[in-house]
Amino acid sequence: MKVLLRLLVLLPLMLLTACVDEEIPDNSVRGNFEALWQIIDQRYCFLDYKADHIGLDWNEVHQRYANRLAPSMNNSQLFEVLCEMLSELQDGHVNLYTGADVGRNWSWYEDYPRNLDVSLRDEYLGTDYKIASGLRYRILDDNIGYVVYESFSSALGSGNISDVLHYLRTCQGLILDVRGNTGGNLSNATLLTEHFTNEKILVGYTTYKRGTGHSDFAQPQAEYIQPSKGIRWQKPVIILTNRECYSATNTFVRNMRACPGVRTLGDQTGGGSGMPFNSELPNGWAVRFSASPQFDSQMQQIEFGIQPDIPCSLDSADVARHRDTLIELARALLKQ
Amino acid sequence: MTNTYMRCLCLCLLSAITFGLHAQHQRPSTRVLLFGLGRSSQYDTYLSPSAYKGPALTILSETRRQLLRNEHVVYQSRIEGMVTNTENHAETANQMAGDLTYASAWLRQWSPLWQGLTLMAGGQLRAHAGFLYNTRNGNNPAQGYADIQSALTVIGQQQFHIRRQTLSVCYQAALPVIGGMFTPRYGQSYYNIFSQGHYDHNIVCTHPGNALSLHQTLTFDIPVRHATVRVAYQSDLRQAHVAGLRQHHYTRAGLIGYVRNINLWRN
């Protein structure tokens, strides 16, 4: 009985001494800076890769930007410093959100030619094109199927894709235009790819951080695509890409390159192979960062994009003649 | 032949009913239903390094009865539910949480121990499921909880009299000692676990060294005419430090409800 009574007294004491509580710095200029630096240091998944690839030294970044801090800084000044620090990562999946602004680095497409004229693309679609959920499509004059998918955030079902492919079944080939598609839902990327393979294919690998160290990754896991139970496309496919193909679209391009009869045409994709997670700073600002990297089937990084099989740029002379250089080249190749 | 079977079946049923009535006669049970309001602190580094705090609504249903075979053994079952909407320090984001716990306990009873004091101690099995949803996050918007724990539990109950009324104060504490819980790894997404099917030791063993938790209830029973009103204070402190993730879920609430003593077969 005495043991029970002692236990009764000890229980709350045990809990007091073993609290799992917040371990974040205070809500000050320095505290928010340290919190952000630490989130990236412990959870960002490309620090080692970017140290090798672009010479990023995250400890040196800390030193350099800490020198720019002053306790009297206002929110706007702090935001500017923090955004510049995050820009060192050169990652479109890294953002800082305040109530008034979004810190970003969009150099992955802003620094390159767009290779897309939306109004010109709309001319190819005309006004009588069909719409299946997020897919817009039609049969071009030379019996080539043309499908535009502008965002992987647009809902997509296997039934939609089967209906589209059934409509285009008499076409000689298919152009899948994902230029300007900056990503969205990864499961839509997987779903669409499933209609372009007859067998289970290895498309890449993925991993994630298991701990706070820069190299604390889980064993990479193979990613496979299973063939769809719906209609599967059996003819040649050309995917049109540009630098705006980012995140889930980058993954889609990676997946499609593993499918038979598929070629990519246009510019390198924008990249963004780290699935982003969210966190926050003591002052309530939200931060997004890449947490879970994806690789191609050769275990190569695709964070900075995927080279096209057939490089091609939009020619301004063609645009003047209301011709999209990429679409025209794809049509010519599919007719061969 | 068929008639013989039917007779046997009827006999069995009658025996079972008689046994059941006898059992009820021997087993007065206490049923309690309480509703509460309190404060909750939700902290899970999978979603945010900050603790979110806010109001919580709780419900607690409890049944307690003596076992038929041994009057010194008491069986207790509890169902606890909680919903909360919490906010971060800066009031820029919300987290919603909900959980449900079912607990069954078997306790040895020492009664009366000393001037109306009853003590009980025993083991408890706890099954818990819940979620925490951060309205602002993208690919890590929510965390799911599922765990089974075996716990040590103690109950101290003191009866006393004021103006010919019998009042009762009761304190119960439960300390989980070993169990298992589901958790994603440090940076593992739910997409990776469920869509891609990558299991990575997502069920972990828990013990006071990595998940020291404590569930306490203090109740005060007040007779009001022919009924009994129960006023209670509940402190539910759940913690875990597993798979590189840290979490706490503290809920403290005041509750009020009624007590029903059920005795189907009168003495």
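Since the model is a prediction, treat every value here as computed from it, not as a measurement.

## Overview of the overall build of chain A
So, point 1. When helices and strands are counted, chain A shows 12 helices and 13 strands.
So, point 2. Along the longest, intermediate and shortest principal axes, the C-alpha atoms of chain A span 85 × 55 × 35 Å.
So, point 3. Counting contacts in chain A only where the partners sit at least 6 residues apart, residues at least 24 apart contribute 73% of the total.
So, point 4. Split by element, the accessible area of chain A, about 14500 Å² in all, is 48% carbon and sulfur.

## A few points about the pattern of salt bridges
Residue and element names in this part refer to chain A.
So, point 1. Per the stated rule, a full pass over the model turns up 31 salt bridges over all chains.
So, point 2. Measuring nitrogen to oxygen at the nearest pair gives 2.9 Å for the salt bridge that ties Glu34 to Arg30. In this pair, Glu34 and Arg30 both sit in helix 2 (residues 29-43), 4 residues apart, roughly one turn of the helix.
So, point 3. Given a relative accessible area of 21%, Glu34 falls into the partly exposed group.
So, point 4. For Arg30, a relative accessible area of 42% translates into the label partly exposed.
So, point 5. A network of salt bridges, in which partner residues are shared, links Arg121, Asp122, Arg136, Glu150, Asp177, Arg179 and Asp324.

## Focus on the nonpolar core
So, point 1. Counting 45 residues, the largest nonpolar core has Trp58, Leu89 and Leu96 of chain A as the members making the most contacts within it.
So, point 2. Those elements that place two or more of their residues in this core are helix 2, helix 3 (47-53), helix 4 (58-66), helix 5 (75-87) and strand 12 (286-296) of chain A together with helix 2 (190-195) of chain B.
So, point 3. With residues up to four places along the chain from it excluded, the contact list for Leu89 of chain A reads Ile40, Tyr44, Leu47, Lys50, Ile54, Leu56, Trp58 and Val94 of chain A.
So, point 4. Residues Leu135, Tyr137, Val147 and Ile239 of chain A belong to the second largest nonpolar core, which totals 34 residues.

## A word on empty space enclosed by the protein
Residue and element names in this part refer to chain B.
So, point 1. The full count for this structure, using the stated rule, is 9 cavities of 30 Å³ or more.
So, point 2. There is about 240 Å³ of room inside the largest cavity.
So, point 3. In terms of lining, the largest cavity is formed by 21 residues, of which the most central are His128, Asp147, Gln149, Ser213 and Arg238.
So, point 4. At the level of secondary structure, the elements contributing two or more residues to the lining of the largest cavity comprise strand 5 (117-134), strand 6 (142-162), strand 7 (165-182) and strand 10 (227-242).
So, point 5. When grouped by side-chain class, the residues that make up the lining of the largest cavity number 8 nonpolar, 9 polar and 4 charged.
So, point 6. Its boundaries defined by the atoms lining it, the second largest cavity holds a volume of some 110 Å³.
So, point 7. Around the second largest cavity, the lining residues are Thr58, Glu80, Gly81, Met82, Asp99, Thr101, Gln234, Asp236, Thr251, Arg252 and Ala253.
So, point 8. Listed by contribution, the elements that provide at least two residues to the lining of the second largest cavity are strand 3 (73-87), strand 4 (94-114), strand 10 and strand 11 (245-262).
So, point 9. Each residue belonging to the lining of the second largest cavity can be placed in one class, and the counts come to 2 nonpolar, 5 polar and 4 charged.

## Some remarks on the interface of chain B and chain A
So, point 1. Counting residues at the interface gives 48 residues for chain B and 41 residues for chain A.
So, point 2. Buried surface at the junction of chain B and chain A, both sides included, amounts to about 3900 Å², of which 59% is carbon and sulfur.
So, point 3. Among the residues of chain B in contact with chain A, Pro49, Tyr186 and Tyr191 of chain B are the three that bury the most area, contributing 17% of the side total.
So, point 4. Applying the counting criterion to the chain B and chain A interface returns 3 salt bridges.
So, point 5. Among the salt bridges present, the one from Arg246 of chain B reaches Glu23 of chain A, with a minimum N-O distance of 3.6 Å.
So, point 6. If you look at where chain B meets chain A, you find 21 residue pairs in polar contact (both at pLDDT 80 or more).
So, point 7. Elements with a minimum of two residues in the side of chain B that touches chain A: strand 4, strand 5, strand 7, helix 2, strand 9 (214-224), strand 10 and strand 11 of chain B.

## Let's talk about the packing of aromatic side chains
All names here are of chain A.
So, point 1. Counted under the stated rule, the structure contains 18 aromatic pairs over all chains.
So, point 2. Residues Trp37 and Trp58 carry aromatic rings whose centres are separated by 6.3 Å and whose planes lie at 5° to one another, so their mutual orientation is stacked. Of this pair, Trp37 sits in helix 2 while Trp58 is found in helix 4, placing the two residues 21 residues apart along the sequence. For the pair shown, Trp37 and Trp58 are each scored as buried.

## Section: the packing of helix 2 of chain A against helix 5 of chain A
Residues and elements named next belong to chain A.
So, point 1. The interhelical angle for the contact between helix 2 and helix 5, taken along N-to-C directions, is 20°, at an axis separation of 11 Å. One element, helix 2, and the other, helix 5, form an angle in the roughly parallel class. Here the hand of the crossing between helix 2 and helix 5 comes out right-handed. Where helix 2 abuts helix 5, its residues Val29, Asn32, Phe33, Leu36, Trp37 and Ile40 lie against Leu78, Leu82, Met85 and Leu86.
So, point 2. Here the contact of helix 2 with helix 5 is composed, by residue class, of 9 nonpolar, 1 polar and no charged.

## As for the packing of helix 4 of chain A against helix 5 of chain A
All names here are of chain A.
So, point 1. Relative to each other, helix 4 and helix 5 sit at 160°, their axes nearing to 11 Å. With respect to helix 5, the axis of helix 4 lies roughly antiparallel. By crossing handedness, the relation of helix 4 to helix 5 is classed as right-handed. The segment helix 4 lies against helix 5, with Trp58, Val61 and Tyr65 engaging Val81, Glu84 and Met85.

## Some details on the pairing of strand 6 of chain B
Residue and element names in this part refer to chain B.
So, point 1. Pairing of strand 5 with strand 6, which is carried by 17 bridges, proceeds in the antiparallel orientation. For Tyr133, the partnering residue across the bridge sits in strand 6 and is Ala142.
So, point 2. Across 16 bridges, the pairing between strand 6 and strand 7 is antiparallel. Its bridge partner being in strand 7, Asp147 is matched across the sheet by Met181.
So, point 3. Counted between consecutive antiparallel strands, the loop separating strand 6 from strand 7 contains 2 residues, among which Arg163 sits at a positive phi close to 50°.

Definitions and limits used
Chains are numbered independently. Their residues run from 1 in the order of the written sequence. Labels follow written order: the first chain is A, the first ligand is 1, and so on. For this predicted model, a pLDDT threshold of at least 70 governs which residues receive local features, and a threshold of 80 or more governs which side-chain atom pairs are given and counted, while totals over whole chains, interfaces and linings are taken from all residues. Excluding hydrogens and water, the side-chain values take into account all heavy atoms of the structure. Runs of E in the DSSP output that reach at least two residues are strands. Runs of H or I that reach at least four are helices, and both are numbered from the N terminus. Here, residues are in contact when the closest pair of their heavy atoms is within 4.5 Å. Each accessible area is a Shrake-Rupley result for a 1.4 Å probe, and residues are judged covered by the shown protein chains and nothing else. A side-chain nitrogen of Lys or Arg and a carboxyl oxygen of Asp or Glu constitute a salt bridge if their distance falls within 4 Å. Think of it in three bands: residues with accessible area under 20% of the maximum for their type are buried, residues over 50% are exposed, and the middle band is partly exposed, with areas taken using a 1.4 Å probe on protein chains only. We call a set of buried residues a nonpolar core when its members are Ala, Val, Leu, Ile, Met, Phe, Trp, Tyr or Cys and they connect through side-chain atoms within 4.5 Å of each other. The pocket and cavity definitions rest on a 1 Å grid over protein atoms only: a 1.4 Å probe that fits but cannot leave marks a cavity, an open set with protein on both sides within 12 Å along at least five of seven lines marks a pocket, and residues lining either have an atom within 4 Å of a point. Grid points are joined across faces, edges and corners, and a volume is the space filled by probe spheres set on the points. Nonpolar residues are Ala, Val, Leu, Ile, Met, Phe, Trp, Tyr, Cys and Pro. Charged residues are Asp, Glu, Lys and Arg, and all others, Gly as well, are polar. As a working definition, buried area equals the accessible area (1.4 Å probe) given up by two parts on being put together, with both sides summed. Under this definition, polar contacts are N or O atom pairs within 3.5 Å; protein pairs additionally need one hydrogen-donor-capable and one acceptor-capable atom, and for neighbouring residues in sequence, both atoms have to be side-chain atoms. Between 30 and 60 degrees the pair is tilted, below 30 it is stacked and above 60 it is edge-to-face, where a pair is any two Phe, Tyr or Trp rings, Trp via its six-membered ring, whose centres lie within 6.5 Å. Comment: axis = line fitted to C-alpha atoms, over the contacting stretch for helices; angle = value between 0 and 180 degrees taken between N-to-C directions. Roughly parallel means an angle under 35 degrees; roughly antiparallel means over 145; roughly perpendicular covers 65 to 115; every other angle is labelled oblique. Put simply, a crossing is left-handed when the front helix is turned counterclockwise from the back one by less than a right angle, and right-handed when it is turned clockwise. We call two strands paired when DSSP finds no fewer than two bridges between them.

Read these as layout, nothing more, since geometry by itself doesn't imply function.
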